[in-house]
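Residues per chain, in single letters:
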There are 2 protein chains.
Amino acid sequence: MKAYQELSKEELLSLKAQLEAEYEKAKGKGLKLDMSRGKPSIAQLNMAMDFMDVINSESDMKTEEGVDVRNYGILDGIPESKHLMADIMGVDFEKVIVCGNASLTIMFDTVARSMTHGVLGSTPWCKLEQVKFLCPVPGYDRHFSILEYFGIDMVNVPMTPQGPDMDAVEKLVAEDESIKGIWCVPKYSNPQGYSYSNETVKRFAALKPAAEDFRIYWDNAYAVHHLYEDRQDEILDILAECENAGNSDMVYVFGSTSKVTFAGSGIAAVASSPANLDAIRKSMTIQTIGYDKINQLRHVRYFNNFEGVKAHMRKHAEIMRPKFEIVWEILDRELTGLGIGSWTKPNGGYFISFDGMEGCAKAIVSKCKEAGMVLTGAGATYPYGKDPSDSNIRIAPTFPTTEEMAQATELFALCVKLVSVEKLLEER
Amino acid sequence: MKAYQELSKEELLSLKAQLEAEYEKAKGKGLKLDMSRGKPSIAQLNMAMDFMDVINSESDMKTEEGVDVRNYGILDGIPESKHLMADIMGVDFEKVIVCGNASLTIMFDTVARSMTHGVLGSTPWCKLEQVKFLCPVPGYDRHFSILEYFGIDMVNVPMTPQGPDMDAVEKLVAEDESIKGIWCVPKYSNPQGYSYSNETVKRFAALKPAAEDFRIYWDNAYAVHHLYEDRQDEILDILAECENAGNSDMVYVFGSTSKVTFAGSGIAAVASSPANLDAIRKSMTIQTIGYDKINQLRHVRYFNNFEGVKAHMRKHAEIMRPKFEIVWEILDRELTGLGIGSWTKPNGGYFISFDGMEGCAKAIVSKCKEAGMVLTGAGATYPYGKDPSDSNIRIAPTFPTTEEMAQATELFALCVKLVSVEKLLEER
């Protein structure tokens, strides 16, 4: 396979004509494919339908401690649901608060609370001239949206296969008191699927931020979302590491079952130090009388324990794995050696990250769209939707069927080739 | 029956001795009664258990429009749940957003959003020197807690059986630009059970506030919570009235099914003008991917329509009515004519409001507690927990059984008498 960069102008022109013909043919198929969001597939949802039957009119509606889950009471989650979420998030039970249906909401509320009330007694951020967050890139668009909504400035930090560039992180947080946080997806990161190395986690725990109200926002969204039985990434417990490093209050850990049971009808949790949890409870007690305890109990009854979760996630993996593998198979076959793109091969999570040639991502996404395939908008993986090199594209293989993923990836590879040829010709 | 005020010192002393003997006897019974919060009773919860069965593994999990409720998607509520909540709240369907499990959370978020982002382009409240709310008193403690949490100053406005003192409201909002809102529980108000007259609602809709970001926070929490078939309070649709008065954007209406299906596992909603709804959706889209649509669908399937809700609420009434009536029977029998207290007799809602002699409420609550009966803290019905005349006590008859309510009210009446006698003796 000859790299496109090495082709002569004539070769590129002839390749372009051939690719354009293929593209016209593909357009003619009238495809309707959606790879835009990390949604579970219908097969995954169908597989969990028994979840609807574990609490019924015959059920005992009391918690282990005898509290009636149908009534008001219990602010921060029924204890058995805390155990379940602690196991899923890989943290200690007593550090967990279980909330409603979305960890995104807990994250939003955590930033909102810092805006209006500060962090453990610090100046409320809304009273400060400038507040900044570090954003490992590429990353999760909804994390960035929260910051943009609150007018918090975002500073890009490059990701590596071991996690964020820690030299940069250490330097920035030590020097700049206006840096109040960093978003992390430490396991099977969105979109690359990278998992933080032990060294990265330890360096996070040992950070010496200039701002006393600096916090690590540790979104462990894909904690149990492995694709393989024999290749599973594991990460260190950041809470324990922070404790050991004398930085107990420096991190919030988030997690949910949105991609375990049902998206939108799961339970979400936050884990942190006693001082942080007290601050969270103090605002929770104003914001709510309590979350949906019936759904918390439903989760506990459905899974029984962490073994139940793992067994369930193995079934998810069986459905998802072929979709990831077909993407890799086609990208390997179509693009290897051409010098026009690289892609990640994670052991879990919900995404594959693709990097095309500089300045090509938007054009690829738009070419795909023209042929009936919706991808996450180019740039979405960067703060303000601006990918400085316009090269990153997030591929979400979970929702379509394996057959659709095959079609979609063929089309995607074709668009990558065509856009890359056009780009190279522009430069000649 | 002779009023206590007319008794001689000797008569009071002899009465005191007699009441003290009765009180010691009551204490000896070792009662354990809780009338502190407006919680549904176990009988009410048991009555709704079929709710757990309407969505099961055999169910069609799609909305009328074909959206799979198990997956991500639909930010502001499935349409059929909007119809249901619109009927419950007495507003138009297209003005409704359905959210998660608690209207309290929607109210908190509405105030929080105003703090950080202002209201339809106004200055964020966190940037202002002072923000004030009008608080009809007595009122709902959790409304006041939200304001206290955000450092918003509260201005008391007296309640009347027709609603808040509108002369005071009109004058205050017209004169003071720092007044940004007023809390209202327009039907079966907490704690008095008063419902706003048509004139009151019309005067609200016609308010001319100095602040463009002034809003009426209309918490229609007891919209369908009637005690009687033949005596049901109804209120005008504030949204329609505001529209007619050219004040479309001036009100947010809140409601939930927390006291219809299960407390904590209901669905909550907000209704407002298109401009306000857009602002709400703009922050919702950052805060969540969507609320629990399965639970929204569960509500629709369980009730079918508004007739189903009304039939269900009749069953609630049958359980609750005897409890309210036993309270009234005992208070009538024990306290009428004594000049030491008055109480409300609402047609619905969750509370009875009791007003004792000035300076007696705290002492009554504490005397009850000493004998094993927990009441809502005296003062809780006022901002900052400060009842200026220390006279109001909220009675919550719903959670105990009718027999317990009888015991509790006997004890309560005894404590009212004893404290009143002590108070009168102090003044002699």
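Residues numbered from 1 in each chain as written. Chains lettered and ligands numbered in written order. Predicted model: local features only at pLDDT ≥ 70, side-chain atom pairs only at ≥ 80, totals over all residues. Heavy atoms only, no water.

Draft legend 1. Looking closely at the packing of helix 3 (residues 79–89) of chain B against helix 10 (residues 293–303) of chain B. Residues and elements named next belong to chain B. At a minimum axis separation of 9 Å, helix 3 and helix 10 run at an interaxial angle of 60°. Viewed along their axes, helix 3 and helix 10 adopt a mutual orientation that is oblique. Crossing of helix 3 against helix 10: the hand is left-handed. Each of Glu80, Ser81 and Leu84 in helix 3 lies in contact with helix 10, whose residues at this interface are Gln296, Leu297, His299, Val300 and Phe303. (Axes fitted to C-alpha atoms, helices over the stretch in contact; angles between N-to-C directions. Helix = DSSP H or I, 4+ residues; strand = E, 2+ residues; numbered from the N terminus. Parallel < 35°, antiparallel > 145°, perpendicular 65-115°, else oblique. Left-handed = near helix turned anticlockwise from the far one by under 90°. Contact = heavy atoms within 4.5 Å.)

Draft legend 2. Representation of the relation of the copies chain A and chain B within the structure. Take chain A, turn it by 180°, move it 0.0 Å along the axis, and it overlays chain B with an RMSD of 0.0 Å. What the superposition gives is, in effect, a two-fold axis relating one chain to the other. Most of the interface of chain A is mirrored in chain B, where 100% of its interface residues are also at the interface. (Least-squares fit on C-alpha atoms with pLDDT ≥ 70 in both.)

Draft legend 3. Representation of the sheet that holds strand 5 (residues 163–164) of chain A within the structure. Residue and element names in this part refer to chain A. What the eight strands build is an open sheet, ordered 2-9-8-7-6-3-4-5; its pairing is mixed. Two strands bound the open sheet, and with one partner strand each, they are strand 2 (96–98) and strand 5. Alignment of strand 8 (residues 251–256) against strand 9 (residues 268–271), held across four bridges, turns out to be antiparallel. Bridge pairing in strand 9 places Phe254 opposite Val270. (Pairing = 2+ DSSP bridges.)

Draft legend 4. Looking closely at helix 3 of chain B. Residues and elements named next belong to chain B. Where burial is concerned, most of helix 3 is hidden: nine out of the eleven residues are buried. When we look at burial in helix 3, the residues that qualify are Pro79, Glu80, Ser81, Lys82, Leu84, Met85, Ala86, Ile88 and Met89. Where helix 3 is buried, its residues touch strand 2 (96–98), strand 8 (251–256), strand 9 (268–271), helix 10 and helix 11 (306–335). Positive backbone phi, approximately 70°, marks Gly90, located one or two places after helix 3. (Buried < 20%, exposed > 50% of the residue type's maximum accessible area, 1.4 Å probe, protein only.)

Draft legend 5. A look at the packing of aromatic side chains. Enumeration over the complete set of coordinates arrives at 42 aromatic pairs over all chains. Relative to Phe254(A), the ring of Tyr217(A) has its centre 6.2 Å away and its plane inclined at 20°; by these criteria the two rings are stacked. With Tyr217(A) in strand 7 (residues 215–219) and Phe254(A) in strand 8, this residue pair connects regions lying 37 residues apart in the sequence. Here Phe254(A) falls in the buried class, since its relative accessible area comes to 0%. Their ring planes at 85° and their centres at 5.0 Å tell us that Tyr149(B) and Phe150(B) sit as a pair that is edge-to-face. Since its relative accessible area comes to 15%, Tyr149(B) is described here as buried. By relative accessible area, Phe150(B) is classed as buried at 9%. Taken together, the ring pairs connect Trp125(A), Phe133(A), Trp183(A), Tyr217(A), Tyr252(A) and Phe254(A) into an aromatic cluster. Seen from the ring of Tyr228(A), Arg231(A) lies directly overhead, with NZ or CZ sitting 4.0 Å from the centre. (Phe/Tyr/Trp six-rings, centres within 6.5 Å; stacked < 30°, edge-to-face > 60°. Lys NZ or Arg CZ within 6 Å of the ring centre and 35° of its normal.)

Draft legend 6. Fine view of the interface of chain A and chain B. Across the contact, 59 residues belong to chain A and 59 residues belong to chain B. Interface area, chain A with chain B, both sides summed: about 4800 Å², of which 55% is carbon and sulfur. Considering only the side of chain A, the residues that lose the most area to chain B are Arg70(A), Tyr72(A) and Tyr149(A), jointly responsible for 17% of the buried surface there. Where chain A touches chain B, the interface holds zero salt bridges. Broken down by element, the residue count for the side of chain A that touches chain B peaks at eight residues, all from helix 4 (residues 103–117) of chain A. (Buried area = accessible area lost by both parts, 1.4 Å probe. Salt bridge = Lys/Arg side-chain N within 4 Å of Asp/Glu carboxyl O.)

Draft legend 7. Layout of the sheet that holds strand 5 (residues 163–164) of chain B. Residue and element names in this part refer to chain B. If you trace the eight strands from one edge of the open sheet to the other, you get 2-9-8-7-6-3-4-5, paired in mixed fashion. Sheet topology places strand 2 and strand 5 at the edges, where each strand pairs with a single neighbour. In this structure, strand 6 (residues 179–184) lies alongside strand 7 (residues 215–219), joined through four bridges in parallel fashion. Each residue of the ladder has a partner; that of Cys184, found in strand 7, is Trp218. Its contacts with the sheet put helix 9 (residues 274–287) on strand 2, strand 7, strand 8 and strand 9, and the angle it makes with strand 2 is roughly 20°.

Draft legend 8. Geometry of the confidence of the model for chain A. Overall, the predicted model of chain A reaches an average pLDDT of 97, with 100% of residues at or above 70. Confidence metrics for the complex model read pTM 0.97 and ipTM 0.96. (pLDDT = per-residue confidence, 0-100.)

Draft legend 9. The packing of helix 11 (residues 306–335) of chain A against helix 13 (residues 402–427) of chain A, seen in detail. Residue and element names in this part refer to chain A. Between helix 11 and helix 13, the shortest axis-to-axis distance is 9 Å and the interhelical angle comes to 30°. It follows from the interaxial angle that helix 11 and helix 13 lie roughly parallel. Where helix 11 crosses over helix 13, the handedness of that crossing is right-handed. For the pair formed by helix 11 and helix 13, the contact residues are Pro322, Lys323, Ile326, Val327, Ile330, Leu331, Arg333, Glu334 and Leu335 on the first element and Thr402, Met405, Ala406, Thr409, Glu410, Phe412, Ala413, Val416 and Lys417 on the second. Its residues assigned to classes, the contact of helix 11 with helix 13 shows eleven nonpolar, two polar and five charged. (Nonpolar A, V, L, I, M, F, W, Y, C, P; charged D, E, K, R; others polar.)

Draft legend 10. The arrangement of the pairing of strand 8 of chain A in detail. All names here are of chain A. Strand 8 sits mainly inside the fold: six of its six residues count as buried. In strand 8, alternate side chains face the same way, and those of Val251, Val253 and Gly255 on one face and Tyr252, Phe254 and Ser256 on the other are all buried. Relative to strand 8, strand 7 runs parallel, the two sharing four bridges. From the neighbouring strand, Trp218 faces strand 8, where its bridge partner is Val253. Traced from strand 7 through helix 8 (residues 238–244) to strand 8, the parallel crossover comes out right-handed. (Right-handed = clockwise from strand over helix to strand, strands pointing away.)

Draft legend 11. Representation of the side chain of Ser273(A) within the structure. All names here are of chain A. Within the secondary structure, Ser273 is located in the loop between strand 9 and helix 9 (274–287). Given a relative accessible area of 3%, Ser273 falls into the buried group. In terms of polar contacts, Ser273 uses its side chain to reach the side chain of Asp249, at 2.5 Å. Setting aside anything within four residues of it in sequence, one finds Ser273 in contact with Leu239, Ser248 and Asp249. (Polar contact = N/O pair within 3.5 Å; in protein donor to acceptor, adjacent residues only side chain to side chain.)

Draft legend 12. A look at the environment of Asp92(B). Mapped onto the fold, Asp92(B) is located in the loop between helix 3 and strand 2. For the pair Asp92(B) and Lys2(B), spaced 90 residues apart in sequence, the C-alpha separation works out to 53 Å.

Draft legend 13. Region of interest: the side chain of Arg142(B). One can find Arg142(B) in helix 5 (residues 141–149). Buried and without a salt bridge, Arg142(B) has Asp141(B) as its closest oppositely charged side chain, separated by 5.0 Å. Sequence-distant contacts of Arg142(B), that is, excluding residues within four places in its chain, are made with Thr285(A), Thr288(A), Ile289(A), Arg37(B) and Leu104(B). (Lys, Arg positive; Asp, Glu negative; His and termini not counted.)

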